[in-house]
Amino acid sequence: MSGPAVIRIKPAAALTLLLASLVTVAAFGWPFVLDGATAATASSHSTDAPWIFAAVLPLLAAIVLAELNAGNIDSKAIALLGLLSAVGGALRALSPGIAGLEPSFALILLGGRVFGRGFGFVQGALSLFVGALITGGVGPWLPFQMMTAGWVGFLGGCLPRARGRAEVALLAALGFVVGLFYGALMNLWFWPFGFYGDALSFVAGASPTQNLENYARYYVTTSAVWDLARANFTVLLILLIGSPVLRALRRVSRRAAFDAPVRFVPDAASVATEPRR
């Protein structure tokens with residue numbers, strides 16, 4: 001991690017983040033865990049996605065509220081978070097996944113890198129939320145997008161210490177990985193509920209291994225090209241704007257002085273004029 005942790009992950013927020021992540025991982029991964037009759041029963045729950053939204057969104061809000069109650073987020077951090085999330089949402093509106101391009105991922109990674117993994121997680125989730133509001137893309141897929149983009153920002157804050165070209169190269173490499181990772185995960189919110197051809201679709205009652213093989217074939221034949229475009233575009237964007245954006249964000253961080261302790265000092269003039277008793 002590099003720079004101050006603008007949003008520190010305290011135990012209450014960490015527990016909430018872990019719970020939200022487990023709920024999302026279960027919602028993504030159940031086709032590869034359940035087997036036999038259990039999977040056959042679960043596959044009929046094609047209307048469960050809105051309930052995932054109802055479960056995950058309050059958990060995301062609870063992460064921020066837990067930090068607010070603990071005093072770990074000040075007004076400067078909220079203002080900066082709102083600004084970067086709005087810019088990320090606007091970037092998503094400019095290119096909402098067209099041809100796999102996703103310019104907001106570069107900003108999410110850079111924000112997480114400079115301000116810490118907690119900030120990156122919340123920035124990623126809020127950027128997708130704002131983008132959905134701007135583009136009218138609110139639906140059962142939104143909580144999956146928010147959580148996955150939150151993990152992208154979190155990973156941006158977990159990179160080891162580095163500066164200069166090495167730092168940009170690390171971010172670019174991570175951008176390539178998350179470009180593929182995001183698409184491979186996001187397919188899973190709808191893949192078990194449709195038929196895409198033999199050996200490409202989820203088979204209720206089949207073993208997890210067979211469904212994993214079917215999904216791998218489905219991903220390679222339908223999504224890999226789009227996700228490679230997203231991964232390469234994120235790499236190119238970070239290589240082009242990574243250094244100047246990192247410098248600008250670090251300048252903001254120094255001026256905001258997030259790590260400076262807050263002390264209340266009595267005004268000298270009022271102390272001098274206070275009547276003696």
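Source: prediction; values computed, not measured.

Analysis parameters
- Residues numbered from 1 in each chain as written.
- Predicted model: local features only at pLDDT ≥ 70, side-chain atom pairs only at ≥ 80, totals over all residues.
- Heavy atoms only, no water.
- Salt bridge = Lys/Arg side-chain N within 4 Å of Asp/Glu carboxyl O.
- Helix = DSSP H or I, 4+ residues; strand = E, 2+ residues; numbered from the N terminus.
- Buried < 20%, exposed > 50% of the residue type's maximum accessible area, 1.4 Å probe, protein only.
- pLDDT = per-residue confidence, 0-100.
- Contact = heavy atoms within 4.5 Å.
- Phe/Tyr/Trp six-rings, centres within 6.5 Å; stacked < 30°, edge-to-face > 60°.
- Expected span 1.5 Å × (residues − 1).
- Arc of directions from axis to C-beta.

1. Some thoughts on the pattern of salt bridges
Thought 1: Per the stated rule, a full pass over the model turns up three salt bridges.
Thought 2: Put simply, Arg-113 and Glu-167 hold a salt bridge, and the shortest N to O gap is 2.7 Å. Pair noted here: Arg-113 is in helix 5 (residues 104-115) and Glu-167 is in helix 8 (residues 164-186), with a separation of 54 residues, a long-range link. Assigned by exposure class, Arg-113 and Glu-167 land together as buried.
Thought 3: The shortest N-O distance in the salt bridge between Arg-250 and Glu-167 comes to 2.5 Å.

2. As for the confidence of the model for the chain
Thought 1: Counting all residues, the mean pLDDT for the chain is 79, and 72% of those residues have values of 70 or more.
Thought 2: Per-residue pLDDT, averaged within each element of the chain, yields its smallest value for helix 2 (residues 36-42) (49) and its largest for helix 8 (92).

3. Describing the environment of Ala-106
Thought 1: You can see Ala-106 is positioned in helix 5.
Thought 2: As a C-alpha pair, Ala-106 and Leu-237 span 131 residues in sequence and 6.7 Å in three-dimensional space.
Thought 3: For Ala-106, the contacting residues outside a window of four places in its chain are Thr-234, Leu-237 and Ile-238.

4. Here we look at the packing of aromatic side chains
Thought 1: Here the structure, examined in full by the defined rule, presents 11 aromatic pairs.
Thought 2: Between Phe-105 and Tyr-182, the ring centres sit 4.9 Å apart and the planes meet at 90°, which makes this aromatic pair edge-to-face. Taken as a pair, Phe-105 in helix 5 and Tyr-182 in helix 8 lie far apart in primary sequence, 77 residues in all. By the burial criterion, Phe-105 is buried, and Tyr-182 matches it.
Thought 3: Seen from their ring centres, Trp-191 and Tyr-215 are 5.1 Å apart, and the 70° between their planes marks the pair as edge-to-face. Remark: Tyr-215 occurs in helix 9 (residues 208-222) and Trp-191 occurs in the loop between helix 8 and helix 9; sequence separation between them is 24 residues. Comparing Trp-191 with Tyr-215 shows no difference in burial state: the two are buried.
Thought 4: Grouped by ring-pair contacts, the aromatic residues Trp-191, Tyr-196, Phe-202, Tyr-215, Tyr-218 and Tyr-219 constitute a single cluster.

5. What to know about unusual backbone geometry
Thought 1: Here Ala-199, not a glycine, exhibits a phi torsion of approximately 65°, which is positive.
Thought 2: When its relative accessible area of 38% is taken as the criterion, Ala-199 is described as partly exposed.

6. Side note on helix 4 (residues 75-94)
Thought 1: Taking 1.5 Å as the rise per residue, helix 4 with 20 residues should run 28 Å; its terminal C-alpha atoms sit 29 Å apart, in good agreement.
Thought 2: For helix 4, the full list of buried residues reads Ala-77, Leu-80, Leu-81, Leu-84, Ser-85, Gly-88, Gly-89 and Arg-92. Looking straight down helix 4, one finds its buried side chains confined to an arc of 165°; they lie on one side. Along helix 4, the residues that are exposed and aim more than 90 degrees away from the buried face are Ser-75, Ala-79 and Leu-94.
Thought 3: Taken together, the buried residues of helix 4 touch helix 5, helix 6 (117-135), helix 7 (142-156), helix 8 and helix 10 (224-256).

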